[in-house]
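The primary structure of each chain is shown beneath.
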Amino acid sequence: MKVLLFFGLVAVALADVTRYEGDKVFRLKPVLDEHVTLIKDLAKNIEVDFWSPEGAELVTIDMDVDIHVPAQYLNIVFTILDQNDMEHDVLIEDVQVAVDGQADGGPTPRAHSYTKYNNWNDIQSWIASISSSNPNLISKQVIGNTYEGRPMTLLKLGKKSSSSKPAIFMDCGIHAREWISPAFCQWFVKEALSTYGSDAQMTSLLNQMDVYVLPVFNIDGYDYTHKGRWLNSRMWRKTRSRKSGSSCIGADPNRNFNAGWCTLGASSNPCSDTFCGYSPESEIEVKNVANFIRRNKAIIKAYITIHSYSQLLLFPYSYTYDLAQHHSELMQVAQGASAALRSLYGTRYTSGPGATTIYPAAGGSDDWAYDLGVKYSYTFELRDTGRYGFLLPESQIKPTCEETMLAVKYIAAYVRKNI
Ligand code: ARG
Ligand code: ZN
């Protein structure tokens, strides 16, 4: 018994020190077709974790390609890059150092905080307490359970009213590793409650409209990325669903919506990070959200979804290069929102349709909502542009959320005045 326990501890200790130690994140700059082919081959032969774009199939010429390379493959990757004259920078010298450095608020007790990356347990208790704090402005409802059985609780913000009000739907945490995203939804709820009555814009918004906030869409995945002390799970992106016959877990929720499903920029390989799933809405989390929006489509006037990283404000379409019917208005609102965001700390965002602004990719929630009739449909890609990527330090939560509030409030005010 003692011996077993001893070996158990050694195994845990070993796993703990071998997580991402020595791994690097590269930014590659493919300027020749051969470079693109090389990157795709590399992805086939060694285990590379694509940060941006999120899969080898999305790589095209003249784009920045950020990849996380495990330490054991560094020699071969350096050799290949040099032999083929591919320009590259090292964005992150040691991924484990960046993972550990993400909690830079010091070794304070891990209770819920708006300036920390809270785990699911803390977010769940926060949802319970905040939703009972002010019954005149906030309520909650469960829209279904995740694959692993966690309740997907939707918060509804808005002044109580006897008649039904037009609404905005916002979700965070579609992708598990994009931790700044759920942090923003929590920040938004806090700000809405604390500035109602003093901030004119927030007051009119919540008087005239309801804002539905889903703090974490992909809860199973998010929870898994917090188990990283013993697992290499911090960089997980997908859901955690299983299917007999495949040993690979999960699908990309933002490729699983029924909008040109799996036609481009997605993978039909269950092991890929951009796996579109076995059918549209095969992921229960996607189905739950889609059902809610379908049921309430008469009142939902805007759909906002929060991702990271790249500092982009995207709108439809991503599944086609065709321009959306309301392209110029969507662009104008996006540019106004980006200007508002930039006014605070000078952070620059690029706006445009997904297909041309990042890459064509079908099955996304923004395109699906738009085609359902939700005209103002936006995807945010928050900070940064790759210095830390998904490992944005906690010290940047506050400024990121503050500036993003300005953009979201800009869109909300526009929608409120134009319905
Ligand atoms: N980075 C996001 C993703 O890959 C961008 C989403 C843009 N919208 C879309 N429908 N592809 O999921
Ligand atoms: Zn994302």
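It should be noted that the structure appears before, not after, this text.
From a predicted model like this one, the values you see are computed outputs, not experimental measurements.

J.: Tell me about the packing of helix α7 (residues 200–208) against helix α13 (residues 397–417), residues and numbers included.
T.: The interhelical angle for the contact between α7 and α13, taken along N-to-C directions, is 50°, at an axis separation of 10 Å. Accordingly, the angle class assigned to the pair α7 and α13 is oblique. Along this stretch, α7 crosses α13, giving a crossing that reads as left-handed. Within the contact between the two elements, α7 uses Gln201, Ser204, Leu205 and Gln208 and α13 uses Lys409, Ala412, Ala413 and Arg416. Here the contact of α7 with α13 is built from residues that sort into three nonpolar, three polar and two charged.

J.: Please give an account of the sheet that holds strand β7 (residues 167–172) that cites residues and values.
T.: The strand order across the open sheet built from eight strands is β5-β6-β8-β7-β9-β12-β10-β11, with neighbouring strands paired in mixed fashion. Edge positions in the sheet fall to β5 (138–145) and β11 (350–353), since each of these pairs with one other strand and no more. Along the sheet, successive strands turn relative to each other by an average axial angle of 20°, direction set aside. Pairing of β7 with strand β9 (residues 300–308), which is carried by six bridges, proceeds in the parallel orientation. Looking at β9, one finds that Cys172 is bridged to Ile306. Packed on one face of the sheet, helix α6 (residues 180–195) meets β5, β6 (151–157), β7, β8 (210–214), β9 and β12 (376–382) and runs near 135° to β9.

J.: Let's hear about the sheet that holds strand β4 (residues 87–92): which residues, and what values?
T.: One open sheet holds the four strands; their spatial order is β2-β3-β1-β4, and the pairing between them is antiparallel. Each end of this open sheet is capped by a strand with a single partner; those strands are β2 (49–52) and β4. When strand polarity is set aside, the average angle formed by the axes of neighbouring strands in this sheet is 30°. Summarising the sheet, strand β1 (residues 24–29) and strand β3 (residues 65–69) pair through five bridges and their orientation is antiparallel. Considered in β3, the bridge of Lys24 is made with Val69.

J.: Account for unusual backbone geometry, naming residues and giving values.
T.: In this model, Ser308 is joined to Tyr309 through a cis peptide bond whose omega is -5°. Locating Tyr309 in the fold gives a position in the loop between β9 and β10 (312–315). A cis geometry characterises the amide bond from Pro316 onward to Tyr317, with omega recorded as 5°. One can find Tyr317 in the loop between β10 and α10 (327–345). Despite not being glycine, Asp62 shows a phi value in the positive range, around 65°.

J.: So what about the pairing of β11? Which residues, and what values?
T.: When a strand is regular, its side chains alternate between the sheet's two faces. With four bridges connecting them, β10 and β11 associate as parallel partners. Residue pairing across strands places Leu313 opposite Ser351, the latter belonging to β11. In this fold, β10 hands off to α10, which returns the chain to β11; that crossover is right-handed.

J.: Residues and numbers for the site of ligand 1, please.
T.: Asn254, Ser318, Gly354, Ala361 and Gly364 are the nearest of the 13 residues found near ligand 1. Considered class by class, the residues forming the shell around ligand 1 number three nonpolar, six polar and four charged.

Conventions adopted
- Residues numbered from 1 in each chain as written.
- Chains lettered and ligands numbered in written order.
- Predicted model: local features only at pLDDT ≥ 70, side-chain atom pairs only at ≥ 80, totals over all residues.
- Axes fitted to C-alpha atoms, helices over the stretch in contact; angles between N-to-C directions.
- Helix = DSSP H or I, 4+ residues; strand = E, 2+ residues; numbered from the N terminus.
- Parallel < 35°, antiparallel > 145°, perpendicular 65-115°, else oblique.
- Left-handed = near helix turned anticlockwise from the far one by under 90°.
- Contact = placed C-beta atoms within 7 Å.
- Nonpolar A, V, L, I, M, F, W, Y, C, P; charged D, E, K, R; others polar.
- Pairing = 2+ DSSP bridges.
- Right-handed = clockwise from strand over helix to strand, strands pointing away.
- Near = placed C-beta within 6 Å.

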